[in-house]
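# Commentary on secondary and tertiary structure
Each chain is listed here by its residues.
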Amino acid sequence: MNTRLDHRNPLVFDTHELGRRPGALQRLSREIAAPADFGLDGVIGVPEGAPVQLDLRLESVMEGVLVTGTARALAVGECVRCLEAVERELDTDFQEMFSYPDADDRNRAKAEPGDDAEDDEDRLYLEDGLFDLEPVLRDAVVLALPLQPVCRENCLGLCPDCGLSLNDDPDHHHDAVDIRWAALQGLVVTDQDDEKDNMSGTASDVDDVRGAAEKQEK
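An account of the accompanying structure is given in this report. (Residues numbered from 1 in each chain as written. Predicted model: local features only at pLDDT ≥ 70, side-chain atom pairs only at ≥ 80, totals over all residues. Heavy atoms only, no water.)

## So, unusual backbone geometry
Most peptide bonds take the trans form, and the phi angle of most residues other than glycine is negative. Even without being a glycine, Asp37 presents a positive backbone phi close to 55°. Here Asp37 lies in the loop between strand S2 (25-33) and strand S3 (38-40). Not every positive phi belongs to a glycine, and Asp128 is a case in point at roughly 55°. By secondary structure assignment, the location of Asp128 is in the loop between strand S8 (124-125) and strand S9 (130-132). (Helix = DSSP H or I, 4+ residues; strand = E, 2+ residues; numbered from the N terminus.)

## A closer look at the packing of aromatic side chains
Tallying each qualifying case throughout the model produces 2 aromatic pairs. Measuring from centroid to centroid gives 5.5 Å for Phe13 and Phe131, while their planes differ by 15°, and the two rings are stacked. A residue pair is termed long-range when its members are at least 10 positions apart, and Phe13 in strand S1 (residues 12-14) and Phe131 in strand S9 qualify at 118 residues. When sorted by exposure, Phe13 lands in the same class as Phe131, which is buried. (Phe/Tyr/Trp six-rings, centres within 6.5 Å; stacked < 30°, edge-to-face > 60°. Buried < 20%, exposed > 50% of the residue type's maximum accessible area, 1.4 Å probe, protein only.)

## A short note on the side chain of Glu63
Locating Glu63 in the fold gives a position in the loop between strand S5 (51-60) and strand S6 (64-78). Looking at Glu63, the relative accessible area reads 17%, which means it is buried.

## Observations regarding the nonpolar core
Counting 31 residues, the largest nonpolar core has Val46, Val52, Leu54, Leu133 and Leu137 as its most contacted members. Counting residues per element, the ones that place at least two in this core are strand S4 (44-46), S5, S6, strand S7 (85-99) and helix H2 (134-144). Ranked by residues supplied to this core, first place goes to S6 with 5 residues. When near neighbours in sequence (up to four residues on either side) are disregarded, Val52 contacts Arg30, Glu31, Ile32, Ala34, Phe38, Val46, Ala71, Arg72 and Ala73. (Core = buried A, V, L, I, M, F, W, Y, C linked by side-chain atoms within 4.5 Å. Contact = heavy atoms within 4.5 Å.)

## Description of the pattern of salt bridges
Summed over the entire model, instances satisfying the criterion amount to 7 salt bridges. A salt bridge links Arg72 to Asp55, with the nearest nitrogen and oxygen atoms 2.6 Å apart. On the criterion of sequence distance, the pair formed by Arg72 in strand S6 and Asp55 in strand S5 is long-range, its members being 17 residues apart. Given a relative accessible area of 36%, Arg72 falls into the partly exposed group. Here Glu63 ties to Arg123 by a salt bridge, and the two come within 3.5 Å at their closest N and O atoms. Note that Glu63 is positioned in the loop between S5 and S6 and Arg123 in the loop between helix H1 (116-122) and S8, a separation of 60 residues in sequence. With respect to burial, Glu63 and Arg123 carry one shared label: buried. The network of salt bridges with shared partners includes Asp55, Arg72 and Asp91. (Salt bridge = Lys/Arg side-chain N within 4 Å of Asp/Glu carboxyl O.)

## Some details on the state of the cysteines
Tallying each qualifying case throughout the model produces 0 disulfides. Left without a disulfide partner, Cys151 is nearest to the cysteine sulfur of Cys82, which lies 3.7 Å away. In this model Cys155 remains outside any disulfide bridge; the closest cysteine sulfur is found in Cys151, 3.7 Å from its own. Residue classification places Cys155 among the buried positions, given a relative accessible area of 6%. (Disulfide = S-S within 2.5 Å.)

## What about the pairing of S7?
When a strand is regular, its side chains alternate between the sheet's two faces. In terms of strand pairing, S6 meets S7 through 15 bridges, oriented antiparallel. Residue pairing across strands places Leu74 opposite Glu89, the latter belonging to S7. (Pairing = 2+ DSSP bridges.)

## Quick word on the side chain of Ser60
Along the chain, the position of Ser60 falls in strand S5. Of the residues examined, Ser60 reaches a relative accessible area of 1% and is grouped as buried. A polar side-chain atom of Ser60 sits 3.3 Å from the main-chain carbonyl oxygen of Arg21. Ignoring sequence-local partners within four residues, the contact set of Ser60 consists of Leu18, Gly19, Arg20, Arg21, Pro22, Gly23, Ala24 and Tyr100. (Polar contact = N/O pair within 3.5 Å; in protein donor to acceptor, adjacent residues only side chain to side chain.)

## Quick notes on the pairing of S6
Note that S4 and S6 share 2 bridges and pair antiparallel. Pairing of Gly45 across the sheet is with Val76, part of S6. Of the pairings in the sheet, the one linking S5 to S6 comprises 8 bridges and is antiparallel in character. Across the sheet, Leu58 pairs through a bridge with Val67, a residue of S6.

Structure, rendered in C-alpha cells:
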C-alpha cells in the first residue's frame with residue numbers, strides 16, 4: 001500500500017516507536033488546531049483554528065493499534081430559541097482500532113456470514129505505520145455536540161410577531177384578534193356606525209319639525 005498520509009499533519013500519528021509487540025503501550029498528548037467544518041454546520045462547532053487538546057493511549061494488539069483518547073475543546077454556536085451566542089466546553093472520549101494491512105484473518109473475531117464486506121468497509125487501516133485521527137475525532141466531536149443548543153434551559157426565545165427577546169421582557173405580548181372572528185367584528189363596527197348615522201339623522205329631522213312649528217306660531 002502506497003503511503004498517502006503526511007506525517008507533518010498534526011492529526012497523523014506514527015506508531016513505529018510503539019512497535020508491533022502485543023501489549024506495548026504509548027501515551028501521547030498533543031494540542032492541534034481544529035480543522036475546518038469541525039461540528040454541525042450552521043448550528044454549533046469548534047471554530048477552525050481553535051485549540052483542541054488530545055490525550056491518547058496507543059496499545060499494540062494482534063490485529064493492529066487500538067487508540068483510546070480524550071479531546072477537549074470549546075464549541076461555539078447560536079441558541080436555537082433566541083439566537084444569542086452559545087459556548088460549550090467539550091470533553092469527549094473515543095476509541096478506534098487501526099488494523100495492520102497484512103493482519104492475519106485468523107486473528108479477527110469470527111463474524112456472521114455476510115458481514116465481512118460491511119466490516120471491511122468500516123475498518124480503518126494503518127498506512128506504513130501511520131494513522132489519521134481526523135475522521136475518528138470529527139465523529140466523536142459531532143456526537144458530543146447538542147443538536148439544538150440553547151443559551152439556558154429556560155430560554156423563552158423570541159416574540160413571533162416582532163422578534164423581541166422574551167428573556168428581556170417576559171411579559172411582552174401582542175393583543176391579537178382571532179381571524180375567525182375578524183369578519184364578525186367588522187360587521188359589528190359597521191352596525192355601530194350605521195346606528196350613529198341613524199341617530200344623527202333622527203335628531204336632524206326633529207330639529208326641522210320643531211323649527212317649522214315655531215315659524216307657524218309666529
